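Structural overview
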Amino acid sequence: MNTYDVIVIGGGHAGTEASLASARCGSRTLLLTQSFNTVGQMSCNPSIGGIGKGHLTKEVDALGGVMARAADAAGIHFRTLNKKKGPAVWATRSQADRDLYKFFIQKQIKEQKNLDVLENEVVDIIMEKYSISGVELNDGTIIKTKNVILTAGTFLSGIIHIGDQKISAGRIGEKASNKLADRMRDLDLKMGRLKTGTPPRLNVDSINFSNLIEQPGDEPRPVFSFVGSTLDHPKQIKCYIARTNEKTHATIKQSLDRSPLFNGVITGKGPRYCPSIEDKVTRFADKESHQIFLEPEGLNSKLIYPNGISTSLPKKDQENFIRTIEGLENVIIENYGYAIEYDFFDPRGLNSNLENKKISGFFMAGQINGTTGYEEAASQGIVAGINAAMRSQTKNMWSPSRENSYVGVMIDDLITQGAPEPYRMFTSRAEHRLYLREDNADKRLTPIGWKLGSVEETRYDIYNKKQEQIDTEIQRLADFKIMENNRKISAKEFLKRPKTSYQDLSIYSSDYRLAEKDIGENCSIRIKYEGYIQKQKLEVIKNKKDEEMTLPDKMNYSEITALSIEARENLAMVKPQNLRQAARVPGVTPAAISILKVQIKAFQNNAK
């Protein structure tokens, strides 16, 4: 059959979540990939989560996605980052066995109802009057659809750089999508070039670990998925920490004229928060040393991923600087590091559903929207998959908001501010981060996912049971009294104090029967943040009425001379849907928002 409700192009982290979500929502879905063997592949660091990224992973899971479950099934080293800070910024991270992760994803794809997979290359996206009507494959086959999700990652006109060597590729060993890239340029959509990079892979047997710092995983061990447990985890291993030194930095500086990042060969903007080692030794010249995390790529793999030394230097120069590092003096490089440049689309051309503003039924997700990282891609993918399915069923699409999710923060940032550099999620980007915690992602998003169809019944039943247990326990804490300084206080009042923990209750009263650890901890966090969250909700309600004032699609910003030229140009480019989005557009001041309010009312009056 050559007709589908939704077609997803690309089998990376965005594409797999998009295709699975679309199929779960009941739409007949086709995943198109050059090779099924690479579906779910971790092309850079085999890890999931981290600061901000762990929040996104939990949100994907809360919406019924697969990333967190795959991280649990493949995770060989788990940690909770920021544990010394408040729960709002705690971040789960797992080092994964690359093969176990990929196999888990592929199994989900194979078993998913409503989802077909076809190995082929897409060379054209067919449109009729700016509406999607199908795709054309490399062999001339036409497959009809009204909804396409493009998740091409780094494959559009991808070029790998290793010193002066250039290779046309989407990632090492896989050809770039040049024909599709050429077709995309004909669509008159704003595009640009970005770059990212990866470090060399080292042979584990050639490393001297005796002088390196051991980094064991956390105990008790964190779990990623809301429906997971430590029983899902494979064997756990240690990671190690090495450090660069002055000799390392001097060696790198001597080779900078051979780095495509510094000699002008690479023009694409790279990620500020994940710089190459060449960037580090020049931008932070006062630092005598940089940390390197040596992370195994799998239980049966000989490869070590040296997190922190991404590079595009020539092969010989990579060998020279790495062998100046203690423990790596005799290291064997199995795969050399490289930088990759690729085409991306200005995300300001999308609406909050991740649908293109010019082309109906054309959705985009992942690195082609200017983001970097598996988690950012996956969370866009699940939103695009849900919305393409909703559109195919003529149902209302869903826009995550800044108030209810990190994925909402990310999409809002992208569609209002664009991606002048690869976008990475951090907790600091969210103004409501006291509410947007990892522990409550399911409470925030699972009911939404259930209504949309992306959360299946079994998962929803588990969610409801958990919420009932939490509600029951919070009531029990409110009713139970403990003695303190000759006065009675409720256990709930006791837990409102900053340095108290749920486990402390057993010390104060042997009569209190503790609930399961994760239920008790969840109750404790909710109780501690209760007052802050209530204040935050009142602020949101107060501001919402004005922020949700809709800006007409036909508003001509160039004629609003009271606005600055910068504001007019950026508003015309972004075409924000409401005043909240408009307020985040560069150059739009509070005074400009007041002007726009007047314009909205004038537009409404003229329309009567």
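Once that is clear, we can look at the overall build of the protein chain. For the protein chain, the helix and strand inventory stands at 18 helices and 23 strands. Seen through its C-alpha atoms, the protein chain measures out along the principal axes to roughly 80 × 75 × 55 Å. Looking at the 608 residues of the protein chain, the share that counts as buried comes to 57%. Within the protein chain, contacts between residues at least 6 apart in sequence are counted, and of these 73% link residues at least 24 apart.

It is worth spelling out the sheet that holds strand β4 (residues 75-81) at this point. Here 3 strands make up an open sheet; going across it, the order is β3-β5-β4 and the pairing antiparallel. Strands at the two margins of the open sheet, each flanked by one partner only, are β3 (47-49) and β4. The average undirected angle you get between the axes of adjacent strands in this sheet is 15 degrees. Bridge analysis of β3 against strand β5 (residues 91-96) gives 3 bridges, and the strand direction is antiparallel. Residue pairing for β5: I48 is matched across the bridge by S94. Set on the sheet, helix α3 (residues 67-74) makes contact with β3, β4 and β5; between it and β4 the angle comes to about 115 degrees.

In this section: the packing of helix α11 (residues 441-452) against helix α12 (residues 457-479). With their axes 11 Å apart at the nearest point, α11 and α12 run at an angle of 145 degrees to one another. Every pair of crossing elements has a handedness; the one defined by α11 and α12 is left-handed. On the side of α11, the interface is formed by D442, K443, T446, P447 and W450, while α12 contributes E457, Y460, Y463, K466 and Q467. Residue composition of the contact of α11 with α12, by class: 4 nonpolar, 2 polar and 4 charged.

Another point: the packing of helix α2 (residues 53-62) against helix α9 (residues 374-392). Viewed as axis vectors pointing N to C, α2 and α9 meet at an angle of 30 degrees, and their least axial separation amounts to 9 Å. The angle between α2 and α9 falls in the class roughly parallel. Handedness of the crossing formed by α2 with α9: left-handed. Contacts between α2 and α9 involve K53, L56, T57 and V60 from the first element and E375, E376, A378, S379 and I382 from the second.

Within the element layout of this structure, F262 appears in the loop between α6 (246-254) and α7 (277-283). Given a relative accessible area of 35%, F262 falls into the partly exposed group. Sequence separation of F262 and Q581 is 319 residues, and the distance between their C-alpha atoms is 37 Å.

This part covers the packing of aromatic side chains. A full pass over the atoms with the stated rule returns 5 aromatic pairs. Aromatic pair W450 and Y460: ring centres 4.3 Å apart, planes at 5 degrees, arrangement stacked. Of this pair, W450 sits in helix α11 while Y460 sits in helix α12; the two residues are 10 residues apart in sequence, bridging distant segments of the chain. Owing to a relative accessible area of 34%, W450 belongs among the partly exposed residues under this scheme. You can call Y460 buried: its relative accessible area is 18%. Over the aromatic face of Y529 sits the side chain of R437, whose NZ or CZ is 4.9 Å from the ring centroid.

Let us look at α11. With 12 residues, α11 extends 16 Å between its outermost C-alpha atoms, agreeing within 8% with the 16 Å of an ideal straight helix rising 1.5 Å per residue. Within α11, the full set of buried residues consists of A441, D442, R444, L445, T446, G449 and L452. Burial along α11 is one-sided: seen end-on, the buried residues are contained in an arc of 165 degrees. Here the buried face of α11 lies against α2, α9 and α12. G453, located one to two residues past α11, shows a positive phi value of around 100 degrees.

Attention shifts here to the sheet that holds strand β13 (residues 191-198). Taken together, 4 strands build an open sheet; the order of strands is β12-β11-β20-β13 and the sheet is antiparallel. Both outer strands of the open sheet, β12 (165-168) and β13, are each paired with one neighbouring strand and no more. The sheet shows a mean angle of 25 degrees between the axes of neighbouring strands, taken without regard to direction. On the sheet, helix α5 (residues 178-185) packs against β12, β13 and β20 (338-345) and is oriented at approximately 35 degrees with respect to β20.

Below, the discussion takes up the nonpolar core. Counting 91 residues, the largest nonpolar core has I7, I9, I125, V135, L150 and F362 as the members making the most contacts within it. In contact with F362, other than residues within four places in its own chain, are I125, I132, V148, L150, M184, L187, L189, L354, E355 and N356. Membership of the second largest hydrophobic core comes to 20 residues, among which are L202, L212, I304 and L328.

Let's shift gears to the pairing of strand β11 (residues 159-162). Bridge analysis of β11 against β20 gives 3 bridges, and the strand direction is antiparallel. Directly across from H161, in β20, lies its bridge partner A339. Linking β11 back to β12 in an antiparallel pair, the connection comprises 2 residues, with G163 at a positive phi of about 65 degrees.

The rules we used
- Residues numbered from 1 in each chain as written.
- Predicted model: local features only at pLDDT ≥ 70, side-chain atom pairs only at ≥ 80, totals over all residues.
- Heavy atoms only, no water.
- Helix = DSSP H or I, 4+ residues; strand = E, 2+ residues; numbered from the N terminus.
- Buried < 20%, exposed > 50% of the residue type's maximum accessible area, 1.4 Å probe, protein only.
- Contact = heavy atoms within 4.5 Å.
- Pairing = 2+ DSSP bridges.
- Axes fitted to C-alpha atoms, helices over the stretch in contact; angles between N-to-C directions.
- Left-handed = near helix turned anticlockwise from the far one by under 90°.
- Nonpolar A, V, L, I, M, F, W, Y, C, P; charged D, E, K, R; others polar.
- Parallel < 35°, antiparallel > 145°, perpendicular 65-115°, else oblique.
- Phe/Tyr/Trp six-rings, centres within 6.5 Å; stacked < 30°, edge-to-face > 60°.
- Lys NZ or Arg CZ within 6 Å of the ring centre and 35° of its normal.
- Expected span 1.5 Å × (residues − 1).
- Arc of directions from axis to C-beta.
- Core = buried A, V, L, I, M, F, W, Y, C linked by side-chain atoms within 4.5 Å.

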